[in-house]
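Residue-level structural notes
Read off the chains here:
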Amino acid sequence: MLSAMMRHCLLLLFVLCSAPGAQAADAPLLAYGARIAGDDARTRVVIDFDKKPVFFVHYVANPARVIVDLPETSFGLKPEDLAARGLFSEIRYGAMGAGSSRVVLTAKKPVAITVADVKADEGGRGFRLVLDAERVTEERFSRLIEEQKWTGTVTATKTDRVVEPPAAGEFVIAVDAGHGGIDTGAIGTDTKMEEKSVTLAFAGELVATLNKEAGVKAFLTREKDEFLSLPERVQIARQHGANLFISVHADTLKQHDIRGATVYTISDKASDHLAANLAERENLSDEIAGMTLTSEPAEVADILIDLTRRETQAFSVNLARSVVSSFEGQINLINNPHRHAGFRVLQAPDVPSILLELGFLSNKQDEKLLVDPVWRKKVAGLLAGAVRAYRGGSVANGG
Ligand SMILES: [Zn+2]
């Protein structure tokens, strides 16, 4: 028994030591090239890897998508390498968190993958993943969806991390950097800066600033460039016993002249078109990442939950107002800076939540400010002041 185990260990050691290039077993894959060719009937996608990729293909409907799950992969691809064409209208790739990455191919019409194969390069440069897609009928696609036995492993890992309960009297604030990983968010008009990096840089600054306040413990829902689904963000905040949830964004608009910060709270009815459109785009995040949209858990007709929700909503509105007044005269605000809409990330029934649009990456002046560390520091300071005012108010109101 023991000797069998030892033999196994020795064998494992041998395999690890003799791995080509003596790379660490957990070094990410590198996707260093890609090609796509074909038409509306058949399309071939080829991705070059430095090492042999373990991959898993599955389908998601509405819209029809092909998902390729990979171990952690750095994508050293030029955008034009995988520009959507043929059967596909959009192709995205990036980190999913928990050591995994993903390619999401959105199809114009229902498709099936007829070939999914890894081949060693003749020149010994690595391996290429070849995917052949073929147009199929709606019926065939529905059957493919039914037949696949996919047990969404990506969502499971993130939220079961062990969390220390907050210390007594500690005021916990979840700071949520919008987007991440495969979901880049908006792209800056001039700088081509991705929203996911702008939000992460700002969220980091905000956490550091908030943590200087007595009795406050702020933390990030994501600390690096990884994907988190919208419900996961909410769940992480609740697991930490958060007293507040602040989601940070910097989106784009078609109207490039619109600029300034906006503070959003949740509501069933949007305050206006801009808010409604923005919430719709933000709520697409999970779809972009190829998640199957599970229907929301049935609303429990419980008077207590309803009361909690209403109370939470009142606190969210108080915080939003406090943020707006601390920004006034200090930084640019959009007209009617407190708006509301049905953001899925603001859905915690018991954590007062706001979504902060710092400004718009579609506006030249805003874009300059959003990437300016001095401006970020100033805004983080104003937000810390707003939280202080909010806490003062909620204590005075006995909340
Ligand atoms: Zn956003």
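This structure is a prediction, so every number in the text was calculated from the model and none was measured. Sequence positions are assigned chain by chain, starting from 1 and proceeding in written order. Local features in this predicted model are restricted to residues of pLDDT 70 or higher, and side-chain atom pairs are both shown and tallied only at a pLDDT of 80 or more, whereas totals for entire chains, interfaces and linings draw on every residue.

1. Section: the overall build of the chain
A helix here means a DSSP run of H or I that spans at least four residues, while a strand means a run of E at least two residues long, and both kinds are numbered starting from the N terminus. If you tally the helices and strands in the chain, you get 10 helices and 15 strands. Relative to its full complement of 399 residues, the chain shows a buried share of 38%. With C-beta atoms placed from the backbone, a contact is any residue pair whose C-beta atoms sit within 7 Å. A separation of at least 24 residues holds for 76% of the contacts in the chain among residues at least 6 apart in sequence. Exposure classes come from backbone-placed C-beta atoms, where a residue is buried if 20 or more other C-beta atoms lie within 10 Å of its own, exposed if 12 or fewer do, and partly exposed in between.

2. What to know about the sheet that holds strand E13 (residues 261–266)
Backbone-to-backbone hydrogen bonds pair the strands of a sheet. The strands run either parallel or antiparallel. Read across the sheet, 6 strands follow the order E11-E10-E12-E15-E13-E14 without closing on themselves; strand pairing throughout is mixed. The outermost strands of the open sheet, each flanked by one partner alone, are strand E11 (216–220) and strand E14 (333–341). Going from strand to strand, the sheet's axes swing by 20° on average, the running direction of each strand aside. Bridge count for strand E12 (residues 244–249) against strand E15 (residues 353–357) is 5 bridges, and the pairing is parallel. Across the sheet, residue Ser 247 finds its bridge partner in E15, namely Leu 355. Axis geometry follows a simple rule: fit a line to the C-alpha atoms, using only the stretch in contact for helices, then measure angles between N-to-C directions, giving values from 0 to 180 degrees. Where helix H6 (residues 273–282) meets the sheet, its contacts fall on E13 and E14, and the angle it forms with E14 comes to roughly 60°. Think of it this way: DSSP has to see at least two bridges between two strands before they count as a pair.

3. Here we look at the nonpolar core
Here is a general trend for soluble globular proteins: nonpolar side chains tend to be buried in one another's company. By definition, a nonpolar core groups buried Ala, Val, Leu, Ile, Met, Phe, Trp, Tyr and Cys residues that are joined through C-beta atoms within 7 Å. Core analysis: the largest hydrophobic core is formed by 57 residues, its most contacted members being Ile 173, Val 175 and Ile 354. Leave out the neighbours within four places in its chain, and Val 175 touches Ala 203, Leu 206, Val 207, Ala 218, Phe 219, Leu 220, Ile 246 and Val 248. Judged by nonpolar contacts, the second largest core, of 33 residues, contains Ala 34, Val 45, Leu 82 and Ala 289.

4. Overview of the environment of Ile 288
You can see Ile 288 is positioned in helix H7 (residues 285–288). As for Ile 288 and Ile 182, which are separated by 106 residues in sequence, their C-alpha atoms are 7.7 Å apart. Look past the residues within four positions of Ile 288 in its chain and what remains in contact with it is Arg 92, Ile 182 and Asp 183.

5. What to know about the pairing of strand E7 (residues 100–107)
Counted residue by residue, E7 has 6 buried out of 8 residues, so it is predominantly covered. In this sheet, E7 lies alongside strand E4 (residues 65–71) in antiparallel orientation, the contact comprising 7 bridges. Within E7, the position partnered with Asp 69 by the bridge is Arg 102. Counting the residues between successive antiparallel strands, the hairpin from strand E6 (residues 88–97) to E7 contains 2 residues, one of them, Ala 98, with a positive phi of roughly 55°.

6. Quick notes on unusual backbone geometry
For the bond from Asn 62 to Pro 63, the omega torsion is -5°, close enough to zero to count as cis. In this fold, Pro 63 is placed in the loop between strand E3 (56–60) and E4.

7. A closer look at the sheet that holds strand E2 (residues 42–49)
Read from one edge to the other, the open sheet built from 5 strands follows the order E5-E1-E2-E9-E8, with strand pairing classed as mixed. With one partner strand each, in any of the chains shown, strand E5 (73–75) and strand E8 (111–120) form the two edges of the open sheet. With strand direction ignored, the average angle separating the axes of adjacent strands in the sheet is 25°. Inspection of the sheet shows E2 paired to strand E9 (residues 127–135) by 8 bridges, in the antiparallel sense. Looking at E9, one finds that Asp 48 is bridged to Arg 128.

8. What about the pairing of strand E10 (residues 171–177)?
Buried residues dominate E10, accounting for 5 of its 7 residues. Pairing of E10 with E11, which is carried by 5 bridges, proceeds in the parallel orientation. Within the sheet, the bridge partner assigned to Val 172 lies in E11 and is Lys 217. Regarding the hand of the β-α-β motif, the stretch spanning E10, helix H4 (residues 195–210) and E11 is right-handed. In this structure, E10 lies alongside E12, joined through 5 bridges in parallel fashion. Across the sheet, residue Asp 176 finds its bridge partner in E12, namely Ser 247. Seen with its strands pointing away from the viewer, a crossover is right-handed if its path from the first strand over the helix to the second goes clockwise.

9. Focus: H6
For H6, the complete set of buried residues consists of Ala 275, Leu 278, Ala 279 and Glu 282. Down the axis, H6 shows its buried residues gathered within 100° of arc, on one side only. For H6, the elements touching its buried residues are E13, H7 and E14. What the arc measures is the spread of directions leading from the helix axis to the C-beta atoms.

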